[in-house]
Amino acid sequence: MADSVLYEVSDGLATITLNRPEAMNALNVATKVALRDIVREAADDPAVRAVLLTAAGDRAFCVGQDLKEHIGLLAEGSAHVMSTVKEHYNPIVRALTEAPKPVVAAVNGVAAGAGFGLALAADYRVVADTAGFNTSFAGVALTADSGVSWTLPRVIGPGRAADLLFFPRTVKAQEAYELGIANRVVPSASLRTAGEQVARMLAEGPTVAYAAIKEAVAYGFSHSLSETLEKEDELQGRAGASEDHAIAVRAFVDKEEPKYLGR
């Protein structure tokens, strides 16, 4: 794995860290390849019960595409310069959103362009009070990618999403919380601790139920109420047959805290 992305698994929690602080964690090709492969590994690993996505440094979570590298590829006339959406961003976002486990983003600084997309692909965002979000795409005459055209309208509504996409600006942490982009805003110095606390709570929780919740919410966005009710019935059958459900019921009767197994 490239040093630009760090990966660690401990007690069911996978921590993925973008590690190019000198470049504000911009996404060059090597970083995108490593991130894609690591996210897929975390999503597929049954020993991983939750994922924490964060970044090194205190200036940026991720400013998106590495424009210095991008300019070089354009100058070379590379026919594959825009294939990064299909080859990298799409599979990364799919792996994050479709992972059968919760994903927490600990956003330590500015998240712009595809960096904003990575944060939105997480299920829960813990944000430093010094952080900010910017769509950026129109500012370089590009359309949204990394799932932003799907995730952003669902988080803040289509009207507000259009405003941020047509007129890119930095949405600071408090406004991000008010819009629903940030689930929790914490002092910058305590971000890593707060992010880990949330992610570890989820890693110790009923993983089968969390996977079903993710699937149900995603399904409901694009299906009718009748279809969604059928999907809930299917998913509840799966959750109800899990060991975690049996553990939860026994713990409730015995007035004890459940200790979930994630199966």
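Being a predicted model, the structure only gives us computed values, none of them experimental.

Caption draft 1: Seen up close, the sheet that holds strand 8 (residues 132-134). Across the sheet, which stays open at both edges, the four strands sit in the order 4-6-8-9 with mixed pairing between neighbours. Of all strands in the sheet, those with a lone pairing partner are strand 4 (60-62) and strand 9 (171-172), marking the two edges. Relative to strand 9, strand 8 is paired through two bridges, and the arrangement is antiparallel. For Phe133, the partnering residue across the bridge sits in strand 9 and is Val171.

Caption draft 2: Focus on the environment of Ala144. One can find Ala144 in the loop between strand 8 and helix 5 (148-156). In sequence terms Ala144 and Ile92 are 52 residues apart; their C-alpha atoms lie 15 Å from each other. In contact with Ala144, not counting residues within four places along its chain, are Phe137, Ser149 and Leu165.

Caption draft 3: Structural view of the pattern of salt bridges. This structure, assessed with the given rule, holds ten salt bridges. For Glu243, the salt bridge is made with Arg263, and the minimal N-O distance between the two is 2.9 Å. In this pair, Glu243 sits in helix 11 (residues 243-253) while Arg263 sits in the segment after helix 11, placing the two residues 20 residues apart along the sequence. What you see here is one network of salt bridges that share partners, running through Glu215, Lys231, Glu234 and Arg238.

Caption draft 4: Seen up close, the side chain of Asp145. Positionally, Asp145 belongs in the loop between strand 8 and helix 5. Lys32 is the oppositely charged side chain nearest to the buried, salt-bridge-free Asp145, at an N-O distance of 8.3 Å. At 3.3 Å, the side chain of Asp145 and the side chain of Ser146 are in polar contact. In contact with Asp145, not counting residues within four places along its chain, are Val85, Tyr89, Ala114 and Phe137.

Caption draft 5: Expanded view of unusual backbone geometry. Backbone geometry places Asn25, a non-glycine residue, at a positive phi of 55°. Within the element layout of this structure, Asn25 appears in the loop between strand 2 (13-18) and helix 1 (29-44). A positive phi is found at Lys255, a non-glycine position, where the angle reads about 55°. Position of Lys255 relative to the elements: it lies in the segment after helix 11.

Caption draft 6: View of the packing of helix 3 (residues 84-98) against helix 4 (residues 114-121). Running from amino to carboxyl end, helix 3 crosses helix 4 at an angle of 20°, the nearest separation of the two axes being 9 Å. By the angle class used here, helix 3 and helix 4 are roughly parallel. Like other packed secondary-structure pairs, helix 3 and helix 4 cross with a definite hand, here right-handed. Contacts between helix 3 and helix 4 involve Tyr89, Ile92, Val93, Leu96 and Thr97 from the first element and Ala114, Leu118 and Ala121 from the second. Residues that form the contact of helix 3 with helix 4 fall into these classes: seven nonpolar, one polar and no charged.

Conventions and cut-offs
Residues numbered from 1 in each chain as written. Predicted model: local features only at pLDDT ≥ 70, side-chain atom pairs only at ≥ 80, totals over all residues. Heavy atoms only, no water. Pairing = 2+ DSSP bridges. Helix = DSSP H or I, 4+ residues; strand = E, 2+ residues; numbered from the N terminus. Contact = heavy atoms within 4.5 Å. Salt bridge = Lys/Arg side-chain N within 4 Å of Asp/Glu carboxyl O. Buried < 20%, exposed > 50% of the residue type's maximum accessible area, 1.4 Å probe, protein only. Lys, Arg positive; Asp, Glu negative; His and termini not counted. Polar contact = N/O pair within 3.5 Å; in protein donor to acceptor, adjacent residues only side chain to side chain. Axes fitted to C-alpha atoms, helices over the stretch in contact; angles between N-to-C directions. Parallel < 35°, antiparallel > 145°, perpendicular 65-115°, else oblique. Left-handed = near helix turned anticlockwise from the far one by under 90°. Nonpolar A, V, L, I, M, F, W, Y, C, P; charged D, E, K, R; others polar.

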